[in-house]
Amino acid sequence: MVHLAGLKLALLFGTLSGTYAAGLVKLPVRASVASPSAPLGNKISKLTVSVTTGNDQTFDNVLVDTGSSLLWVGASSPYVPGPNSKDTGETFGVEYDEGSATGLVYLDTVTIGSATVTNQYIGAANQTSLLADLDPLDGFIGLSFNGSNAHTISGIDGPTNTFFDSLVEEGVIEQALWSMVVPALDVAAGQQVGEGEILFGGYDASKVEGDIAWLDVTNEFDQFTWAFNMDAIYFGDSQISNDDFVFAYTDSGNIWLSLNIDSYLAVQKSVPGAAGASIGPAGEIMAFPANASLADLPSISYSMAGQNFTLTPEQYVMPSSAYATFGITDDGRHYTWFASAGSQADAILGQAWLQYFYSIYDVGNTKIGFANYA
Ligand SMILES: *[C@@H]1O[C@H](CO)[C@@H](O)[C@H](O)[C@H]1NC(C)=O
Ligand SMILES: *[C@@H]1O[C@H](CO)[C@@H](O)[C@H](O)[C@H]1NC(C)=O
Ligand SMILES: *[C@@H]1O[C@H](CO)[C@@H](O)[C@H](O)[C@H]1NC(C)=O
Ligand SMILES: *[C@@H]1O[C@H](CO)[C@@H](O)[C@H](O)[C@H]1NC(C)=O
């Protein structure tokens, strides 16, 4: 299987036009199918894109969620029907780990960056109840498989097209694949540095270094997540994962590095004085004692498709600049992004992981790819 980068894709489907007079070198290359993209924001507690829809409204804080598959807006300012809006007469209701939203459903033109679709189901929320750490929030764009949105719109039995599915169906992109560069956070300042992007229809080989680890999407969790099996998880040199297989999924709508309870406790035991800390509605996370020196803490390595994807202590310890967002009082301890995954999976790779690796979502072939950033 050949996975073409977005840039190569543009060339492959490009059309040559221009004048080829003798001796005249003029070869303008115009791509007939460019891979559209959108800037991706890293707002500490969420990844966001801007969504333009309704009555020419732009919703700047739409959470990019690879763990769900419905698109809705209206959480902070209401969706107003515009010239392209068709009222479907239906309603939607979704529930997340972080809360819920309900409202009306329209079919509308939706633009995200340079990607536009004209016939997209979009929820217009009129009631939401979501964790405060997501504020400010306009809505969610679900980029998981569409199976997970079945029964979330009244009157429709099966799944409905995600924004991504509409790009494929409306012929905006040729390859049923998209990719994501999560902008880095300045750990000290707790602010985004640099640019991030979602690229629809390809991936950008110039942003990838080394091999891409391709994993089959296993769908063991609920058929509809970006789930896969990894080889093992190591904390330092000790394997902390089960011996047989490590069922994992990635979820950009979740910030944490979640581990099953055995692995979570193995991390806790290997650092004297480590303890779970309750951080309110978001649950319990691991805190290392104040006397732990970051330089002496082990790294965590997620081994997949024969490659280790490693986070250093500086990467898995939460920057203190993020404490306020999660209601944490700075008591000198090193709060981490480690949380317990309960029985959902052996590992969940959330935003705190994704921001260090390039990720590629091959919807058409149900594969997911991870690589180091160039
Ligand atoms: C939201 O819209 C639905 C459908 O019209 C309606 O039944 C419900 O009462 C509305 N809720 C609020 C809080 O306005
Ligand atoms: C859902 O996803 C599948 C697989 O990518 C696609 O074939 C289908 O067109 C999508 N939309 C619906 C409504 O099933
Ligand atoms: C990944 O790192 C662990 C711990 O250092 C090591 O034991 C393992 O061999 C590494 N795996 C690969 C594929 O490099
Ligand atoms: C650090 O403090 C914890 C208690 O908070 C203690 O259990 C541990 O032994 C201390 N570690 C060192 C290296 O002093």
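This text follows the structure it describes.
Residues numbered from 1 in each chain as written. Chains lettered and ligands numbered in written order. Predicted model: local features only at pLDDT ≥ 70, side-chain atom pairs only at ≥ 80, totals over all residues. Heavy atoms only, no water.

### Structural notes on the site of ligand 3
Inspection of the region around ligand 3 gives Tyr234, Gly236, Asp237, Gly306 and Asn308 as its neighbouring residues. Residue Asp237 places a side-chain N or O atom 3.1 Å away from an oxygen atom belonging to ligand 3. Within the side chain of Asn308, one N or O atom sits 2.3 Å away from an oxygen atom of ligand 3. Notes on ligand 3: free accessible area 360 Å², of which the protein chains cover 54%. Of the residues assigned to the shell around ligand 3, the class counts are 1 nonpolar, 3 polar and 1 charged. (Near = heavy atom within 4 Å. Polar contact = N/O pair within 3.5 Å; in protein donor to acceptor, adjacent residues only side chain to side chain. Areas by Shrake-Rupley, 256 points an atom, 1.4 Å probe, with all protein chains shown as cover. Nonpolar A, V, L, I, M, F, W, Y, C, P; charged D, E, K, R; others polar.)

### Points about the pairing of strand β9 (residues 99-112)
Of all 14 residues that make up β9, 10 are buried, and the element is covered over most of its length. Inspection of the sheet shows strand β8 (residues 86-96) paired to β9 by 9 bridges, in the antiparallel sense. Opposite Asp87, over in β9, you have Tyr106 as the bridge partner. With 13 bridges connecting them, β9 and strand β10 (residues 115-130) associate as antiparallel partners. Along β10, the bridge assignment pairs Thr102 with Gln127. Here β9 folds back onto β10 in antiparallel fashion, the turn holding 2 residues, of which Gly113 has a positive phi close to 60 degrees. (Buried < 20%, exposed > 50% of the residue type's maximum accessible area, 1.4 Å probe, protein only. Helix = DSSP H or I, 4+ residues; strand = E, 2+ residues; numbered from the N terminus. Pairing = 2+ DSSP bridges.)

### Thoughts on the sheet that holds strand β29 (residues 367-373)
Spatially, the 6 strands line up as an open sheet ordered β3-β15-β12-β28-β29-β16, and their pairing is antiparallel. At either end of the open sheet lies a strand with only one pairing partner, and these are β3 (37-39) and β16 (208-216). This sheet shows a mean twist of 15 degrees between the axes of neighbouring strands, independent of strand direction. Relative to strand β15 (residues 197-200), β3 is paired through 3 bridges, and the arrangement is antiparallel. The residue bridging Pro39 from the neighbouring strand is Glu197, located in β15. (Axes fitted to C-alpha atoms, helices over the stretch in contact; angles between N-to-C directions.)

### What to know about the pattern of salt bridges
For the structure shown, the criterion picks out 4 salt bridges. We note a salt bridge from Asp204 to Lys207, for which the minimum N-O separation is 3.2 Å. Of the residues examined, Asp204 reaches a relative accessible area of 10% and is grouped as buried. The class of Lys207 is partly exposed, set by a relative accessible area of 29%. A salt bridge links Lys367 to Asp216; the shortest N-O distance between them is 2.5 Å. In this pair, Lys367 is assigned in strand β29 and Asp216 in strand β16, connecting sequence segments 151 residues apart. (Salt bridge = Lys/Arg side-chain N within 4 Å of Asp/Glu carboxyl O.)

### What to know about the side chain of Thr66
Relative to the helices and strands, Thr66 resides in the loop between β6 (57-65) and β7 (71-73). Using a relative accessible area of 0% as the deciding quantity, one classes Thr66 as buried. For Thr66, the side chain forms a polar contact with the main-chain nitrogen of Ser252, separated by 2.8 Å. Those residues within four positions of Thr66 in sequence are excluded, and the remaining contacts are Leu143, Ser144, Trp178, Trp226, Thr250, Asp251, Ser252, Gly253 and Tyr361. (Contact = heavy atoms within 4.5 Å.)

### Regarding helix α3 (residues 261-269)
Burial in α3 covers these residues: Ser263, Tyr264 and Val267. One face of α3 carries all of its buried residues, which in axial projection span an arc of 105 degrees. Facing away from the buried side of α3 by over 90 degrees, the exposed positions are Asp262 and Lys269. Contact partners of the buried residues in α3: β18 (232-235), β21 (257-259), β22 (275-278), β23 (284-288) and β26 (334-340). Looking at where α3 begins, the residue whose side-chain oxygen comes 3.2 Å from the main-chain nitrogen of Asp262 is Asn260. (Arc of directions from axis to C-beta.)

### A closer look at unusual backbone geometry
A cis amide bond, omega -10 degrees, links Asp135 with the succeeding residue Pro136. Even without being glycine, Ile44 reaches a positive phi, approximately 65 degrees. If you trace the backbone, Ile44 turns up in the loop between β4 (41-42) and β5 (47-53). Unusually for a residue other than glycine, Ala305 sits at a positive phi of about 45 degrees. By secondary structure assignment, the location of Ala305 is in the loop between β24 (300-304) and β25 (307-311).

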